[in-house]
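# Structural overview for review
Chain by chain, the residues run as shown.
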Amino acid sequence: MEPITVRELLQAVNGTLLGEFDHLELCVTNVQRDSRKIQPGDVFLPLMGERTDGHRFIEQALNAGASGTLTMRTPEVLLPGKFYIQVEDTLKALGDLARWYRGRFHIPFIGITGSAGKTTTKDMIASVLGERFRVLKTRENYNNDIGMPETILGVTGAYDMAVIEMGMNHFGEIDYLTRIARPDVAIIINVGFSHIENLGSQAGILKAKCEIFKGMDPRTGIALLNGDDAMLNSVSRYPVPVVWCGESPKCTARCLSIRPEGDGMVMEADIQGEAMTFHIPAAGHHMLYSVLMAAVLGKRYGMTAQEIQRGVSHFVPSGKRMLRMRRRNNITLIDDSYNANPTAVDAVLHILSERPEKKKIAVLGDMFELGDQGPALHFGCGRTARAANIDVLIAVGPLSEKTAEGALGGNTKVFWYATREEAEDALARELTPDSVALFKASHGMHFAYLVDYAKSITEDCR
């Protein structure tokens, strides 16, 4: 964060200064919500969590070097030389500050949402634009009402543009985030089934995703949308001009062909009238949308075809997304266990089916926040595994019993277990030479445990 004065901070959060502190031109250089990470010049932000109240650590943060703090309460004692700014809600104050701070910068802000693939698309766009520009991007998937404002506060004059990921699980959340970020470009990757428990239907999910337009200037903004997504195509009119990206004839950024090559893909495309060939260092047909959208933005901001193609080839995914681990005896483990939804599971099952190893093993766990449709959607993923000719399905968790049921009746060997621990024996039996095992589940299933187990029973290639 670039330095701001206490006076500016007061105005941004609409706060009240407590006590007799009068050094309003004092500058702060960071907002920190973890009292253990305080550095001199920070302002402490005490948030209310489910298990703890950050206000308990105000004195600790100030003694550690914070210049001051926001607070929802009037402390009994005010430490001398420190400022205390009282606000109605510290989480709202974080958003208010980020909204005000965003106004200091006149660089392109690119907002990304979608049911699956947000982080991959963010990383691809940042990789492409990074060939010419200095790009700030959301760390990992810090895309909620805490992480996204913190990302905005990380913008400085050193950056030429910002790529911002926006997540949600209820109505109004994207609306809130987009009014903070005020994106110049809105990207909706797809409309799947994530969080359908809270949003009621795919139509509800579409409505929630389209909240991204509420923070845009209709005179200057544009949208990049998936031209093959039925829900996005069902909207008769969008409030900003649209560039459609995909395989359908309507798309002006169009994939003409895509094929596997090693651990990645090769794609021939027409990017708004310009032919380009992309060597994508990641597997999966779905990667075409991230690449097309990144290429459109590269052209929009004046990059050459060579720069765009080079940026695609330099793509590196964040976190545990299709993380491949080579083991002895031609065994490969693919850790995609950070999170899961039906759209993403279907995509990775198709990736798995195209792997060169003789035996393909899918280790799938429960997907959360699917509400009443959860059993049917899990069953559908089982059907996908069967249709993709996955050799072995190990389903784990109460909901995944339906995944197992959906996979029955074909050539797939199917196992179901209620817990991760129960699945260990089947995994140990099936993880034979010349096999690949893919792990995917919602984050709350803690599938890192099973990945670590698979690593423990196999040997590193080195």
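First, a word on what this report is: a plain description of the structure on this page. Please read these numbers as outputs of a predicted model, since none were measured by experiment. (Residues numbered from 1 in each chain as written. Predicted model: local features only at pLDDT ≥ 70, side-chain atom pairs only at ≥ 80, totals over all residues. Heavy atoms only, no water.)

## Details of the overall build of the protein chain
Within the protein chain, the regular secondary structure consists of 16 helices and 22 strands. Relative to the compact-globule value of 23 Å for 462 residues, the protein chain shows a C-alpha radius of gyration of 24 Å, a close match. By its C-alpha atoms, the protein chain is 75 × 55 × 45 Å across when sized along the principal axes. For the protein chain, the residues scored as buried account for 55% of the 462 residues in total. (Helix = DSSP H or I, 4+ residues; strand = E, 2+ residues; numbered from the N terminus. Rg over C-alpha atoms; globule rule 2.2 N^0.38 Å. Buried < 20%, exposed > 50% of the residue type's maximum accessible area, 1.4 Å probe, protein only.)

## Thoughts on helix α13 (residues 374-387)
If you check α13, its first and last C-alpha atoms are 20 Å apart, about what 14 residues at 1.5 Å a residue would give, namely 20 Å. Within α13 the residues assigned to the buried category are Gly-374, Leu-377, His-378, Cys-381, Gly-382, Thr-384 and Ala-385. Down the axis of α13, the buried side of the element spans an arc of 155°, and every buried residue falls inside it. The exposed set on the far side of α13, more than 90 degrees from its buried face, consists of Ala-376 and Ala-387. (Expected span 1.5 Å × (residues − 1). Arc of directions from axis to C-beta.)

## Notes on the packing of helix α4 (residues 118-129) against helix α10 (residues 287-300)
Put simply, α4 and α10 touch, their axes get as near as 9 Å, and they point 35° apart. Classified by chirality, the crossing of α10 by α4 is right-handed. Along its contact with α4, which presents Thr-120, Thr-121, Met-124, Ile-125, Val-128 and Leu-129, the element α10 presents Met-287, Ser-290, Val-291, Met-293, Ala-294, Leu-297 and Gly-298. (Axes fitted to C-alpha atoms, helices over the stretch in contact; angles between N-to-C directions. Left-handed = near helix turned anticlockwise from the far one by under 90°. Contact = heavy atoms within 4.5 Å.)

## Structural notes on unusual backbone geometry
In this model, Asn-330 sits at a positive phi of 55°, which is unusual for a non-glycine residue. Of note, Asn-330 is situated in the loop between β17 (323-327) and β18 (331-335). One non-glycine residue, Asp-434, lies in the positive phi region at around 60°. For Asp-434, the position within the fold is in the loop between α15 (420-430) and β22 (435-440).

## Some points on the side chain of Ser-290
With respect to the helices, strands and loops of the structure, Ser-290 is situated in helix α10. The contacts of Ser-290, once residues within four sequence positions are left out, are Thr-120, Thr-121 and Met-124.

## Side note on the pairing of strand β20 (residues 392-396)
Among the five residues that make up β20, five are buried, leaving the element largely enclosed by the rest of the structure. Here β20 shows two buried faces, one formed by Val-392, Ile-394 and Val-396 and the other by Leu-393 and Ala-395. As a crossover connection, the stretch from strand β19 (residues 359-365) through α13 into β20 is right-handed. Pairing analysis gives five bridges linking β20 to strand β21 (residues 413-417), with the strands arranged parallel. Looking across to β21, one finds that Ala-395 is bridged to Trp-416. Taken together, β20, helix α14 (residues 400-407) and β21 constitute a β-α-β crossover, and its handedness is right-handed. (Right-handed = clockwise from strand over helix to strand, strands pointing away. Pairing = 2+ DSSP bridges.)

## Let's talk about the packing of α15 against helix α16 (residues 448-456)
Following both chains from N to C, one finds α15 and α16 inclined at 30°, their axes separated by 10 Å at the closest point. Taken together, the axis directions place α15 and α16 in an arrangement best described as roughly parallel. Seen along the crossing, α15 lies across α16 with a hand that is right-handed. Across from Arg-420, Glu-421, Glu-424, Leu-427 and Ala-428 in α15, the residues of α16 making contact are Tyr-449, Leu-450, Tyr-453 and Ala-454. Looking at side-chain class alone, the contact of α15 with α16 contains six nonpolar, no polar and three charged residues. (Parallel < 35°, antiparallel > 145°, perpendicular 65-115°, else oblique. Nonpolar A, V, L, I, M, F, W, Y, C, P; charged D, E, K, R; others polar.)

## Considering the packing of aromatic side chains
Applying the stated criterion to the full structure yields five aromatic pairs. Relative to Trp-244, the ring of Tyr-238 has its centre 6.2 Å away and its plane inclined at 70°; by these criteria the two rings are edge-to-face. Taking the relative accessible area as the measure of exposure, Trp-244 reaches 14% and is therefore buried. The interplanar angle of 10° and the centroid separation of 6.4 Å between the aromatic rings of Phe-415 and Tyr-417 together place this pair among those described as stacked. Tyr-417 shares its class with Phe-415; the two are buried. One aromatic cluster in this structure is built from Phe-213, Tyr-238 and Trp-244. Geometry around Phe-109 places Arg-102 over its ring, the cationic atom sitting 3.8 Å from the centre. A cation over an aromatic ring shows up here: Lys-207 above the ring of Phe-171, its NZ or CZ 5.7 Å from the ring centre. (Phe/Tyr/Trp six-rings, centres within 6.5 Å; stacked < 30°, edge-to-face > 60°. Lys NZ or Arg CZ within 6 Å of the ring centre and 35° of its normal.)

## Focus on the sheet that holds β19
What the six strands build is an open sheet, ordered β17-β18-β22-β19-β20-β21; its pairing is mixed. Unpaired on one side and paired on the other, β17 and β21 mark the two borders of the sheet. Pairs of neighbouring strands in the sheet enclose a mean axial angle of 15°, with direction left out of account. Summarising the sheet, β19 and β22 pair through six bridges and their orientation is parallel.

## A closer look at the side chain of Thr-458
Checked against the element boundaries, Thr-458 lands in the segment after α16. What makes Thr-458 buried here is its relative accessible area of 11%. A distance of 2.9 Å separates the side chain of Thr-458 from the side chain of Arg-327, its partner in a polar contact. The contacts of Thr-458, once residues within four sequence positions are left out, are Arg-327, Ile-331, Leu-333 and Leu-431. (Polar contact = N/O pair within 3.5 Å; in protein donor to acceptor, adjacent residues only side chain to side chain.)

Keep in mind these values describe shape, not function.
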